[in-house]
Amino acid sequence: MAKGVHGQKGVQKGVKDVISILDGYDTFRWSRKTLGGVADFMILLAVITLAVVLWYREDLSGGTPAGLVAIDISLVLFGLSACIFAIFRAVLFMIEDYMEKAVNGVQGIRAGQFPSGGGRSMKKALDSVSSRLQDSITVWYTARAIVIRAAYFIIPGIIFYLLGVANLIMFLVGKGLIPSG
C-alpha cells in the first residue's frame with residue numbers, strides 16, 4: 001500500500017502509482033503510433049500500386065511474354081510488400097492489446113474486494129495483488145520487447161516495394177514508354 005494511506009484509498013493510490021510507472025517506461029508509445037502510421041500508409045500505397053499495375057497489366061507489358069513476366073514480378077513484389085506491412089500492423093495491434101491488458105490488470109486491483117479480518121485472508125489478498133502486478137508487468141515487458149524486435153520487420157516490406165517500383169521503371173524505360181534522360 002502507499003505510505004501513509006490506509007485501506008481502499010491506499011490501494012487506489014498504489015494502482016495509480018504503478019500505472020504511471022508503466023506509462024513512464026512506455027518509451028515506444030510515440031514510436032508505435034508512428035510505425036502504425038507508416039504501416040498504414042505503406043499498405044495503402046502498395047495496394048493502390050498493385051491495383052493500378054494489375055489494371056494496366058496488358059497495356060504496360062505491350063502484350064509480349066517478356067513484358068508480362070516483368071510486370072508479374074513487380075506485382076509479386078508489391079503484393080509481398082503489402083502482406084509484410086499488413087502482418088506488421090497486426091503485430092502493432094497485438095502490442096497495443098498487451099499494453100492495455102497490463103494496465104487493466106493493475107486497474108483490476110483497485111476494484112478487488114479485500115476480506116476484512118484474519119491474517120490468513122490478508123495474506124491471500126496480498127498474494128493476489130502481488131500476482132496481478134507480476135502478471136501485468138510481465139505482459140507489459142513482453143509487449144515492449146516485441147515492439148523493439150518488430151520494428152526491423154518494416155525493412156523487407158520497403159525493400160520489396162522499392163524493388164517492384166525499380167523493376168517496373170526499368171522495364172518501362174527499356175520499352176521506351178518512359179524517356180530515359
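Thresholds applied
Residues numbered from 1 in each chain as written. Predicted model: local features only at pLDDT ≥ 70, side-chain atom pairs only at ≥ 80, totals over all residues. Heavy atoms only, no water. Helix = DSSP H or I, 4+ residues; strand = E, 2+ residues; numbered from the N terminus. Buried < 20%, exposed > 50% of the residue type's maximum accessible area, 1.4 Å probe, protein only. Areas by Shrake-Rupley, 256 points an atom, 1.4 Å probe, with all protein chains shown as cover. Phe/Tyr/Trp six-rings, centres within 6.5 Å; stacked < 30°, edge-to-face > 60°. Lys NZ or Arg CZ within 6 Å of the ring centre and 35° of its normal. Expected span 1.5 Å × (residues − 1). Patch = residues over 30% accessible without salt bridge, like charges linked within 9 Å, V, L, I, M, F, W, Y side chains within 5 Å. Salt bridge = Lys/Arg side-chain N within 4 Å of Asp/Glu carboxyl O. Core = buried A, V, L, I, M, F, W, Y, C linked by side-chain atoms within 4.5 Å. Contact = heavy atoms within 4.5 Å.

**A short note on the overall build of the protein**
Right, on to step 1. Looking only at helices and strands, the protein features 6 helices and 0 strands.
Right, on to step 2. Listing the helices and strands of the protein from first to last along the sequence gives α-α-α-α-α-α.
Right, on to step 3. When the 181 residues of the protein are sorted by exposure, 30% land in the buried category.
Right, on to step 4. Approximately 11200 Å² of the protein is accessible, and the part contributed by carbon and sulfur atoms is 67%.

**Quick notes on the packing of aromatic side chains**
Right, on to step 1. Enumeration over the complete set of coordinates arrives at 1 aromatic pair.
Right, on to step 2. Between the aromatic rings of Phe78 and Tyr161, the centroid separation amounts to 5.3 Å while the plane-to-plane angle is 45°, which identifies the pairing as tilted. One end of the pair, Phe78, is in helix α4 (residues 65-111); the other, Tyr161, is in helix α6 (residues 154-175), and 83 residues separate them in sequence. Judged on exposure class, the residue Phe78 and its partner Tyr161 are both buried.
Right, on to step 3. Above the face of the Phe93 ring, Arg89 is positioned so that its terminal group lies 4.5 Å from the ring centre.

**Thoughts on α6**
Right, on to step 1. End to end, α6 covers 32 Å across 22 residues, agreeing with the expected 32 Å (1.5 Å per residue, within 8%).
Right, on to step 2. Restricting attention to buried positions, one finds in α6 the residues Ile154, Gly157, Tyr161, Gly164, Asn167, Leu168, Phe171 and Leu172.
Right, on to step 3. A positive phi of about 85° marks Gly176, the residue just after α6.

**Concerning a nonpolar patch on the surface**
Right, on to step 1. A surface patch of nonpolar side chains, about 570 Å² in accessible area, is lined by Leu44, Ile48, Val52, Trp55 and Tyr56.
Right, on to step 2. Topologically, Tyr56 is positioned in the loop between α2 (29-55) and α3 (57-61).

**Details of the pattern of salt bridges**
Right, on to step 1. A full pass over the atoms with the stated rule returns 3 salt bridges.
Right, on to step 2. The salt bridge involving Arg89 is made with Asp40; its shortest N-O contact spans 2.7 Å. Note that Arg89 is positioned in helix α4 and Asp40 in helix α2, a separation of 49 residues in sequence.
Right, on to step 3. Arg57 is the salt-bridge partner of Glu58, the closest N and O atoms lying 3.9 Å from each other.
Right, on to step 4. A single salt-bridge network, built from bridges that share partners, covers Arg57, Glu58 and Asp72.

**Here we look at the nonpolar core**
Right, on to step 1. With 25 residues, the main nonpolar core has Val53, Leu60, Ile71, Phe88, Leu92 and Leu168 as its most contacted residues.
Right, on to step 2. Of all the secondary structure elements, the ones that give two or more residues to this core are α2, α4, α5 (119-150) and α6.
Right, on to step 3. The dominant element in this core, judged by the number of residues it contributes, is α4, at 10 residues.
Right, on to step 4. Ignoring sequence-local partners within four residues, the contact set of Ile71 consists of Val53, Arg57, Leu60, Ser61, Leu168 and Phe171.

**Structural notes on the side chain of Ser81**
Right, on to step 1. By secondary structure assignment, the location of Ser81 is in helix α4.
Right, on to step 2. Owing to a relative accessible area of 0%, Ser81 belongs among the buried residues under this scheme.
Right, on to step 3. Ignoring any residue separated from it by four or fewer positions in sequence, one finds Ser81 in contact with Ala46, Gly157, Phe160 and Tyr161.

**A look at the side chain of Ser61**
Right, on to step 1. In this fold, Ser61 is placed in helix α3.
Right, on to step 2. With relative accessibility at 0%, the residue Ser61 sits in the buried group.
Right, on to step 3. Not counting the four nearest positions on each side in its chain, Ser61 is found in contact with Gly67, Leu68, Ile71, Phe171 and Lys175.

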